[in-house]
Amino acid sequence: MERTFLMIKPDGVQRGLIGEIVKRFENKGMKLIAAKLIQPTLEQAKNHYIEHEGKPFFAEIVDFISSAPVFAMVWEGQDAITLARNLIGKTKAVDAMPGTIRGDFAARNPFNLIHGSDGPDSAQREIANFFEPHEFTSYDKDIQPWI
Ligand code: CDP
Ligand code: MG
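The rules we used
Along every chain, residues carry numbers that run from 1 in the direction the sequence is written. Naming scheme: in the order in which they are written, chains are lettered from A and ligands are numbered from 1. Given that this is a predicted model, residues contribute local features only at a pLDDT of at least 70 and side-chain atom pairs are listed and counted only at 80 or more, while totals for whole chains, interfaces and linings are drawn from all residues. Excluded from the side-chain calculations are hydrogens and water; all other atoms, namely the structure's heavy atoms, are used. Axis definition: a line fitted to C-alpha atoms, limited for helices to the stretch in contact. Angles are taken between N-to-C directions and run from 0 to 180 degrees. Under the DSSP-based scheme used, a helix requires at least four consecutive residues in state H or I and a strand at least two consecutive residues in state E, with every element numbered from the N terminus. When an angle is under 35 degrees it counts as roughly parallel; over 145 it counts as roughly antiparallel; between 65 and 115 it counts as roughly perpendicular; any other value is oblique. Each crossing gets its hand from how the near helix is turned against the far one by less than a right angle, where anticlockwise is left-handed and clockwise is right-handed. Should any heavy atoms of two residues lie within 4.5 Å, those residues are counted as being in contact. The classification used treats Ala, Val, Leu, Ile, Met, Phe, Trp, Tyr, Cys and Pro as nonpolar, Asp, Glu, Lys and Arg as charged, and all other residues, Gly among them, as polar. UniProt positions are given in the numbering used here, feature names are shortened, and annotations may be inferred rather than shown by experiment. Buried, partly exposed and exposed residues are distinguished by accessible area as a fraction of the type maximum, computed with a 1.4 Å probe on protein chains only: under 20%, between the cut-offs, and over 50%, respectively. Two strands make a pair as long as DSSP finds a minimum of two bridges between them. Between the rings of Phe, Tyr and Trp (Trp by its six-membered ring), a pair exists once the centres lie within 6.5 Å; its type follows the angle of the planes, with under 30 degrees stacked, over 60 edge-to-face, and the other angles tilted. We call a charge positioned over a ring when the NZ of a Lys or the CZ of an Arg lies within 6 Å of the ring centre and within 35 degrees of the ring normal.

S.K.: Kindly report on the packing of helix α2 (residues 18–28) against helix α5 (residues 80–88), identifying the contributing residues and their values.
M.R.: Following both chains from N to C, one finds α2 and α5 inclined at 135 degrees, their axes separated by 11 Å at the closest point. What the angle tells us is that α2 and α5 run oblique. Of the two elements, α2 crosses α5, and the hand of that crossing is right-handed. Contact with α2, carried on its side by Arg24, Phe25 and Lys28, involves Leu83, Ala84, Leu87 and Ile88 of α5 and no other residues of that element. Broken down by class, the residue content of the contact of α2 with α5 amounts to 5 nonpolar, no polar and 2 charged.

S.K.: An account of the UniProt feature "active site" (unreviewed entry) in the protein chain is requested, with residue identities and associated values reported.
M.R.: In the numbering adopted here, UniProt assigns the feature "active site" (unreviewed entry) to His115. For His115, a relative accessible area of 9% translates into the label buried.

S.K.: Go over the pairing of strand β3 (residues 70–77) with me, naming the residues and quoting the values.
M.R.: The element β3 is largely enclosed, with a buried count of 8 among its 8 residues. Side chains Val70, Ala72, Val74 and Glu76 of β3 all project onto a buried face; the interleaved residues Phe71, Met73, Trp75 and Gly77 project onto the opposite face, where all are buried too. Pairing geometry for strand β1 (residues 2–8) and β3, over 7 bridges, is antiparallel. Its bridge partner lying in β3, Thr4 is registered against Trp75.

S.K.: Run through the packing of aromatic side chains, naming residues and quoting values.
M.R.: Using the criterion set out here, one finds 5 aromatic pairs in the structure. Ring geometry for Phe5 against Phe130: centres 5.0 Å apart, planes inclined by 15 degrees, an arrangement best described as stacked. Residue Phe5 is found in strand β1, and its partner Phe130 is found in helix α7 (residues 120–130); the two are separated by 125 residues along the sequence. You can call Phe5 buried: its relative accessible area is 0%. Overall, the relative accessible area of 4% leaves Phe130 in the buried class. When the ring of Phe64 is compared with that of Phe111, the centres are 4.9 Å apart and the planes differ by 85 degrees; the resulting orientation is edge-to-face. Residue Phe64 is located in helix α4 (residues 58–65), and its partner Phe111 is located in the loop between α6 (101–105) and β4 (114–116); the two are separated by 47 residues in the primary sequence. The exposure class of Phe64 is buried, given its relative accessible area of 8%. In this arrangement the basic side chain of Arg3 is found over the ring face of Phe136, its NZ or CZ atom lying 4.8 Å from the centre. The residue whose ring lies beneath Lys36 is Phe131, and the NZ or CZ to ring-centre distance is 4.6 Å.

Structure (structure tokens):
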């Protein structure tokens, strides 16, 4: 089982796309184990994008995700990280295929609606940046063996 950190960015929340986006991960059969609507602090935003520190777009993306509420989530499942990245689509809106979240709804950077962890180490770091251990639920879904 793998965990991934997914975050609907401020543009997704403002555009009323929380339900539409969450639905896609539910449809895929992934399991939601923690979620909250939260406005990231500057500190959290910098931490979140630490791998991009020094790049020309760093300040812009830090400002962007700390500017308004985001919907932060942790999803669990076999290959959850890759499955989620595939549902999200390519970073640049013009490259993102129709059928993916970004391909269907995003038009330009940095407004590409959702973040998804790109590997197990970043997932762990990003989850710890937004969630405390007591915020996780543990439950079984009887449908799981069929997915
Ligand atoms: O989000 P993803 O992992 O697909 O892309 P990233 O390379 O980790 O970049 C993080 C975020 O920075 C992107 O999702 C875009 O919102 C933004 N970005 C940008 O505005 N301009 C770029 N040239 C690259 C990324
Ligand atoms: Mg990334």
